[in-house]
Amino acid sequence: MARLNPFAIAQQQLDEAAERLGLDAATHELLRWPMREYRFTIPVRMDNGETRIFQGYRVQYNDARGPTKGGLRWHPEETIDTVRALAAWMTWKTAVVDIPLGGGKGGVTCNPKEMSDGEKERLARAYIRAVGRELGVHRDVPAPDVYTTPQIMAWMMDEYEKLVGHSHPGMITGKPLPVGGSQGRGDATARGSVYCVREAGKVLDIDLAKTTYVIQGFGNAGQFAATLHPEILGGGTLIAASDSRGGVMNKDGMDPAALVRHKLETGSVLKFPGSEPISNEDLLELECDVLYPSALEGVITAKNAGDIKAKISCELANGPTTPEADKILFEKGVYVIPDFLANAGGVTVSYFEQVQNTYNYYWTLQDVYQQLDRKMTEAFGAVHEMSKRARAHNRLVAYMVAVTRVAEACKIRGWV
Ligand code: NAD
């Protein structure tokens, strides 16, 4: 099957929102394309003495609301269209949480799993030498994404500071704490998503302390959601969880912290004591209050959307629901918290990191949680308000909120 072009999907989603909003033709066209993009070759000396040439990208999608911001993905299948799509989604994500930033994204086509630490460090530094002069706290601020780490961010910051000749930690976020990272970055994505569930529970009148919940994709984001759900909501029962090898279920509940330890020790959720096995497909269709799709894109489709029984689907993963499934879930009354709202906690704390770097004063963990809670609650509220006026599924509604804000900034600047 031919792979869908992610940028074509991003443009289609925008088109739908633009139509609903009655956006003028020039603004619509401006928002369909990246404002700037850089493509470059990166020569790197490998450990065996050979020089390899990597393809690098940085897309600055829209900076009407502030400097562009978005992660760097190192992946063998990285293409310019993936980076463009992710940069567009960052634009809507920063707008929906109302932080004064635009959207960007970058990447390198490479396979970090086959590279030594020395090779990764040379690639990180060479990436900055190639495109660093287009970055900076007032221009464009990268962060980690798939297969890039806090250590890679530290190497990049160090190379950038050599280039500009002074300290400039805010040029990149997701750094380790000793070199200007923020408290609370590790679990920010999952924490933000549970704050959204809390707000959805109020709207839907669900007793959150008694909720049952299911995690599809027990990785970084999914594990934090599993432990934070009962911590933030004052209770809740984890009844099923899965990873790429399969799932486990116990209707009486599983201890999330014990399941995290089990996954760490054995490499999988499978064979968790007291549980029974369940397939990833069946897990999605379990009767529960909250489903957290936290693995991959395209898992809830026209085929299974009719069988989803969760009251709330909180999308930690990017793109888990197809456009056809969105419509089915909406008709069925499943309350979807769309990805770019549900998982915006990560970029929000990245923004806090940048703020702390700029005034060189660092917040406590409690400060970060409090500010994150405020941002996520306001973002959820804005989407919910719009949903009262627009009869549409929540993803389209969230797009309408975000596109309105970016379009307004473009207009005020006199661009369109
Ligand atoms: P991860 O690699 O740590 O975890 C992914 C998990 O999904 C793994 O446990 C893997 O075994 C499981 N998985 C893979 N294929 C599966 C399948 N077919 N069925 C069920 N489980 C499967 O990645 P992550 O950082 O937790 O990211 C997960 C999703 O969340 C991605 O879509 C990512 O873009 C999104 N996200 C993560 C963050 C973050 O801060 N980590 C921020 C924003 C968005």
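In this report, the structure presented in the accompanying data block is examined. (Residues numbered from 1 in each chain as written. Predicted model: local features only at pLDDT ≥ 70, side-chain atom pairs only at ≥ 80, totals over all residues. Heavy atoms only, no water.)

### Brief notes about the pairing of strand S4 (residues 102-109)
Phase 1 of the analysis: Burial analysis of S4 places seven of its eight residues in the buried class, which makes it a mostly covered element.
Phase 2 of the analysis: Pairing between strand S2 (residues 51-62) and S4: seven bridges, direction antiparallel. Its bridge partner being in S4, Tyr 57 is matched across the sheet by Gly 107.
Phase 3 of the analysis: Direction of pairing for strand S3 (residues 68-75) relative to S4: parallel, over a ladder of six bridges. (Buried < 20%, exposed > 50% of the residue type's maximum accessible area, 1.4 Å probe, protein only. Helix = DSSP H or I, 4+ residues; strand = E, 2+ residues; numbered from the N terminus. Pairing = 2+ DSSP bridges.)

### Observations concerning the site of the ligand
Phase 1 of the analysis: Around the ligand sit 19 residues, and of these Thr 189, Asn 220, Ala 221, Ser 244 and Asn 318 come closest.
Phase 2 of the analysis: Measuring from an oxygen atom of the ligand, one finds a backbone N or O atom of Ala 221 at 2.8 Å.
Phase 3 of the analysis: Interatomic distance of 3.3 Å between a backbone N/O atom of Leu 316 and an oxygen atom of the ligand.
Phase 4 of the analysis: In isolation the ligand has 820 Å² of accessible area, and contact with the protein removes 69% of it. (Near = heavy atom within 4 Å. Polar contact = N/O pair within 3.5 Å; in protein donor to acceptor, adjacent residues only side chain to side chain. Areas by Shrake-Rupley, 256 points an atom, 1.4 Å probe, with all protein chains shown as cover.)

### Focus: the nonpolar core
Phase 1 of the analysis: Of all hydrophobic cores here, the largest spans 86 residues; its most connected members are Leu 31, Trp 92, Ile 215, Leu 259, Tyr 292 and Ile 337.
Phase 2 of the analysis: Top contributing element to this core by residue count: helix H14 (residues 394-412), with 12 residues.
Phase 3 of the analysis: Two domains share this core, each providing at least three of its residues, namely domain 1 (34-171) and domain 2 (188-342).
Phase 4 of the analysis: For Ile 215, the contacting residues outside a window of four places in its chain are Gly 222, Ala 225, Ala 226, Leu 238, Ala 240, Ala 241, Ser 242, Leu 283, Tyr 292 and Ser 294.
Phase 5 of the analysis: If you look at the next biggest cluster of nonpolar residues, it comprises 25 residues, including Cys 110, Ile 152, Tyr 160 and Ile 172. (Core = buried A, V, L, I, M, F, W, Y, C linked by side-chain atoms within 4.5 Å. Domains from an automatic or database assignment. Contact = heavy atoms within 4.5 Å.)

### Points about the environment of Gly 236
Phase 1 of the analysis: Looking at the secondary structure, you find Gly 236 in the loop between helix H7 (220-233) and strand S7 (237-243).
Phase 2 of the analysis: Exposure remark for Gly 236: the relative accessible area of 25% places this residue in the partly exposed category.
Phase 3 of the analysis: Taking the C-alpha atoms as reference points, Gly 236 and Asp 282, separated by 46 residues in sequence, lie 21 Å from one another.
Phase 4 of the analysis: Residues contacting Gly 236, with those up to four places away along its chain left out, are Ala 209, Thr 211, Tyr 213, His 229 and Pro 230.

### Some points on the side chain of Glu 78
Phase 1 of the analysis: Within the fold, Glu 78 resides in the loop between S3 and helix H3 (80-96).
Phase 2 of the analysis: Buried Glu 78, no salt bridge; nearest opposite-charge side chain is Arg 73, N-O distance 4.9 Å.
Phase 3 of the analysis: Dropping the residues within four chain positions of it, Glu 78 is found in contact with Tyr 57, Arg 73, Val 83, Gly 106, Gly 107, Val 108 and Thr 109. (Lys, Arg positive; Asp, Glu negative; His and termini not counted. Salt bridge = Lys/Arg side-chain N within 4 Å of Asp/Glu carboxyl O.)

### Let's talk about the sheet that holds strand S12 (residues 335-337)
Phase 1 of the analysis: One open sheet holds the seven strands; their spatial order is S9-S8-S7-S6-S10-S11-S12, and the pairing between them is mixed. A single partner strand is all that each edge strand has here, and the edge strands are strand S9 (276-278) and S12. Along the sheet, successive strands turn relative to each other by an average axial angle of 20°, direction set aside.
Phase 2 of the analysis: Pairing geometry for strand S6 (residues 212-216) and strand S10 (residues 290-293), over four bridges, is parallel. In the sheet register, Ile 215 faces S10, and the bridge partner there is Tyr 292. (Axes fitted to C-alpha atoms, helices over the stretch in contact; angles between N-to-C directions.)

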